[in-house]
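Here are the chains, one letter per residue:
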Amino acid sequence: MTREVTVHPLVSPWGRFGLYSFFIDAPEPAIVDTGIATSPAEGMAPALEAIGRRIEDVRWILLTHGHIDHIGGAHALWELTGRRAQVVIHEADAPMLRSRRAHVEEYRAGRGRYLRDPEGEAKVAVAADAVISGEMESTLLIKGGETLSLGGDVTVSVHPVPGHTPGSVAYVIDGQRSVFAGDAVQIHGAANGFPGYTDPAAYRAGLEHLRDEIRPRHLYLGHPYRRADGAPYGVELDEAQATEALTQSLAAESRVAEAARGCLDAGLRETDSPYSPFDPVADALGYTGDPTLEPSPFFTSLHGYRAQHHETVQYRSFTP
């Protein structure tokens, strides 16, 4: 690649959040992540017009994972491109693009088991109906390891970084180490102040892969994740900031893992605490955030450690 490809952040409003997508200004332009249903028309189109680009010229829609704030606008954006763009997602997260109901099932299987909200499933269903612009099949399913050509000599490599979700991927612009990680680098979490991932071991392995193998020169995050003191990073990190964010993410996971092991080894007990049955983890970490505030990363992550601990115990029980 003879010149560095320009990347433009595209910000769309959503309640207390700004939703971040990224425009890769390649010969075949790409947008990474799509916000919610209203984001393409209300956020992306005017932002692109302001830099002299047209949303209908986008030829690649690259989805880092299947959560509603990243895939919600995919169908609407695809329509605005005249259905000419390739819509790309990892096969493990494709059900979340294919079906709104998959988001309800994810809630039921994980954090919903702890939130004690009899209306929880209904709320997730209403949210999915409201913010997902349409159920659709991707035009390209990926597994990781693929190289996508964005025209000319611009290529993007696909790196699986599961953990936040089973199908989380990082897209890397080859030759300039610009990395779009979605929510695979949680640091100390976003507004909830707790990192969220469904598979702790896979999450840690993904962070190590990014730190040791890819070594981002530019790292683009899905949200303004927080430092230990609560101060947010931006969503565009330079090389030094990227290294710091990855190091802090690994350190945060280690602290949560140690607290989770202690809690699980002692045995879970139901209490009146809003953190129940993981209140010893909150105590050990000094975590005082609201664990019920969606997307409830406290319960999402602790359920992941619980599943991991159960598998370890089962293995030991059956090992001769």
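What counts and how
- Residues numbered from 1 in each chain as written.
- Predicted model: local features only at pLDDT ≥ 70, side-chain atom pairs only at ≥ 80, totals over all residues.
- Heavy atoms only, no water.
- Helix = DSSP H or I, 4+ residues; strand = E, 2+ residues; numbered from the N terminus.
- Rg over C-alpha atoms; globule rule 2.2 N^0.38 Å.
- Buried < 20%, exposed > 50% of the residue type's maximum accessible area, 1.4 Å probe, protein only.
- Contact = heavy atoms within 4.5 Å.
- Areas by Shrake-Rupley, 256 points an atom, 1.4 Å probe, with all protein chains shown as cover.
- Phe/Tyr/Trp six-rings, centres within 6.5 Å; stacked < 30°, edge-to-face > 60°.
- Lys NZ or Arg CZ within 6 Å of the ring centre and 35° of its normal.
- Pairing = 2+ DSSP bridges.

Visitor: Even after reading the chapter, I still don't get the overall build of the protein, so can you show me in this structure?
Guide: Counting secondary structure elements, the protein contains ten helices and twelve strands. Computed over C-alpha atoms, the radius of gyration of the protein comes to 19 Å, within 12% of the 20 Å expected from 2.2 N^0.38 for 320 residues, which places it in the range of a compact globule. Counting only C-alpha atoms and orienting by the principal axes, one finds that the protein spans roughly 60 × 45 × 40 Å. Put simply, the protein has 320 residues, and 51% of those count as buried. In the protein, the share of contacts with a sequence separation of at least 24, taken over all contacts with a separation of at least 6, comes to 64%. Carbon and sulfur atoms make up 51% of the accessible area of the protein, which amounts to about 13800 Å² in all.

Visitor: In this structure, what is going on with the packing of aromatic side chains? I would like to understand it.
Guide: A ring pair, where both rings are aromatic, is described by two values, the distance of the centres and the angle of the planes. Enumeration according to the criterion identifies 14 aromatic pairs in this entry. Ring centres 5.1 Å apart and planes at 70° place the aromatic pair Phe-194 and Phe-298 in the edge-to-face group. Linking Phe-194 in the loop between strand E10 (178–182) and helix H7 (200–214) with Phe-298 in helix H10 (residues 297–318), this pair joins segments that are 104 residues apart in sequence. According to the relative accessible area criterion, Phe-298 is buried, its value standing at 0%. A centroid spacing of 4.2 Å and a plane angle of 10° characterise the contact between Tyr-197 and Tyr-203, whose relative ring orientation is stacked. Of the residues examined, Tyr-197 reaches a relative accessible area of 0% and is grouped as buried. Given the relative accessible area of 2%, Tyr-203 is considered buried. Taken together, the aromatic side chains of Tyr-114, Phe-194, Tyr-275, Phe-278, Tyr-287, Phe-298 and Phe-299 make up a single cluster linked through ring pairs. One residue, Arg-227, lies across the ring of Tyr-233, its end atom 3.8 Å from the ring centre.

Visitor: How should the sheet that holds strand E7 (residues 147–149) be read in this particular structure?
Guide: Hydrogen bonds along the backbone pair up the strands of a sheet, which may run parallel or antiparallel. The mixed open sheet is built from six strands, whose spatial order is E7-E8-E9-E10-E11-E12. Strands with a single pairing partner mark the edges of an open sheet, and in this sheet they are E7 and strand E12 (236–237). Note that strand E8 (residues 155–160) and strand E9 (residues 169–173) share five bridges and pair antiparallel. Bridge pairing in E9 places Ser-157 opposite Val-172.

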